[in-house]
Amino acid sequence: MQQVMRRAVRPPLCLAAALVLLAAGSVSVSSGQSGTGTGTGTGTVTGTVRTDSVWSPSLGTYKALVVYLPPSYRTATRTRYPLLVYLHGRGGNERNWVDAGRLDRTMDSLVRTGGPEAIIAMPDGDDGWYATWNQLGDVNACRADTVRRESAATYCVPWTRYDDYIARDIVSHMDTRYRTIARRESRGIAGLSMGGVGALTVALQYPDVFAAAASHSGVVSPRYLGPKPFVPPPRYANTTAELQSAARTLWSNLKWVMGKDTIGWNARDPGHMVQRLQARAATGGPHIPHLMFDVGVDDAYVDQNRDLHATLTRLGVAHRYAEWTGAHSWSYWQMHAAESVQFLLGNVSGR
């Protein structure tokens, strides 16, 4: 069912209780080895955060992967759990969702208020846009960059197949090493900004792997030129100059990922991907994953999100869309992370 929310609305009871607990600071996080921790001074059982090193055939290098294991993981040794994958934004890393987004604490709070448990994988996606690039990047220039903080050995990858990396390498690692429910119906994916559009496009590219996808503040209609604020009919970039204008400061990165003509941009555009998957589903192909996306009303990408919402509405594709007070910031993403968790867990199977 399509749902549209604007500005602030009353959150579900479970979500509201979890946010109160989180704001009160009553949940702590443990890290390191797999297992459960206890809240400081309260005896509260919490989940565990650990970091794995994963070999990625799709990228040709080892990558860091932060993993959240739910509170019961150590003791309920026969239990298997849904898998959620959370993607960081441009300029981010695998620890963003824990260090800045407090996603582990949010998950613990939801569990304490009766929500289902899940395993969460938070991979290092570089600035790869979670897509197979239109052309290989300039590895030599990348390695010569002395400003970037991440090591060239893991950032300057020889192969730029970031969608395969997420849907195949990361999922395979999680299903092999941890007690996940290893099937499409029990997996969801979410992200913010670059990771927001990445979550949608990976799920639409691999509907056999993910049953649901959620985006916070995603760059979800990269060819959109106007009007601003959004009103139909929309205008889209059709030339290289217009693509550069639409991308603005992202052009130096996106020209490698999507190319310099509309063919590559359309192939990676969520609206176009939905249309292609909708046509396949009509002839017995895979179903469109459950979709959710939100954005702050003061976000630079609000009109792109409105455009995707209008496109999905026109196509008759069920989705949940929300606009909230806020901008492109961690305060916004931290506040609304619980909503994507609940959406994903509400649309994946725990059995």
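Structure: above.
**Structural notes on the overall build of the chain**
- Across its full length, the chain holds 13 helices and 14 strands.
- Within the chain, the fraction of its 351 residues that count as buried is 55%.
- Considering only residue pairs separated by 6 or more positions, the chain has 72% of its internal contacts joining residues 24 or more positions apart.
- Accessible area for the chain stands at about 14,800 Å²; split by element, carbon and sulfur atoms hold 52% of it.

**A word on the packing of helix α3 (residues 103-112) against helix α13 (residues 330-346)**
- It is the contact of α3 with α13, at a shortest axis distance of 10 Å, that shows an interaxial angle of 55°. Compared by their axis directions, α3 and α13 come out oblique. In the packing of α3 onto α13, the handedness of the crossing is right-handed. Residues Leu103, Thr106, Met107 and Leu110 of α3 form the contact with α13, whose participating residues are Ala337, Ala338, Val341, Gln342 and Leu345.
- When its residues are assigned to classes, the contact of α3 with α13 shows seven nonpolar, two polar and no charged.

**Points about the packing of aromatic side chains**
- The final tally for this structure, using the stated rule, is twelve aromatic pairs.
- Aromatic side chains Tyr73 and Tyr81 sit 5.7 Å apart centroid to centroid with 35° between the ring planes, which places their arrangement in the tilted category. Across the pair, exposure class does not vary: Tyr73 and Tyr81 are buried alike.
- A centroid spacing of 6.4 Å and a plane angle of 75° characterise the contact between Tyr224 and Tyr236, whose relative ring orientation is edge-to-face. Note that Tyr224 is positioned in strand β11 (residues 224-226) and Tyr236 in strand β12 (residues 235-236), a separation of twelve residues in sequence.
- Cluster of aromatic residues (ring-pair linked, three or more members): Tyr86, Trp97, Trp330 and Trp333.
- Between the NZ or CZ atom of Arg179 and the centre of the ring of Tyr73, over which it lies, the distance is 4.0 Å.

Rules of the game
Residues numbered from 1 in each chain as written. Predicted model: local features only at pLDDT ≥ 70, side-chain atom pairs only at ≥ 80, totals over all residues. Heavy atoms only, no water. Helix = DSSP H or I, 4+ residues; strand = E, 2+ residues; numbered from the N terminus. Buried < 20%, exposed > 50% of the residue type's maximum accessible area, 1.4 Å probe, protein only. Contact = heavy atoms within 4.5 Å. Areas by Shrake-Rupley, 256 points an atom, 1.4 Å probe, with all protein chains shown as cover. Axes fitted to C-alpha atoms, helices over the stretch in contact; angles between N-to-C directions. Parallel < 35°, antiparallel > 145°, perpendicular 65-115°, else oblique. Left-handed = near helix turned anticlockwise from the far one by under 90°. Nonpolar A, V, L, I, M, F, W, Y, C, P; charged D, E, K, R; others polar. Phe/Tyr/Trp six-rings, centres within 6.5 Å; stacked < 30°, edge-to-face > 60°. Lys NZ or Arg CZ within 6 Å of the ring centre and 35° of its normal.

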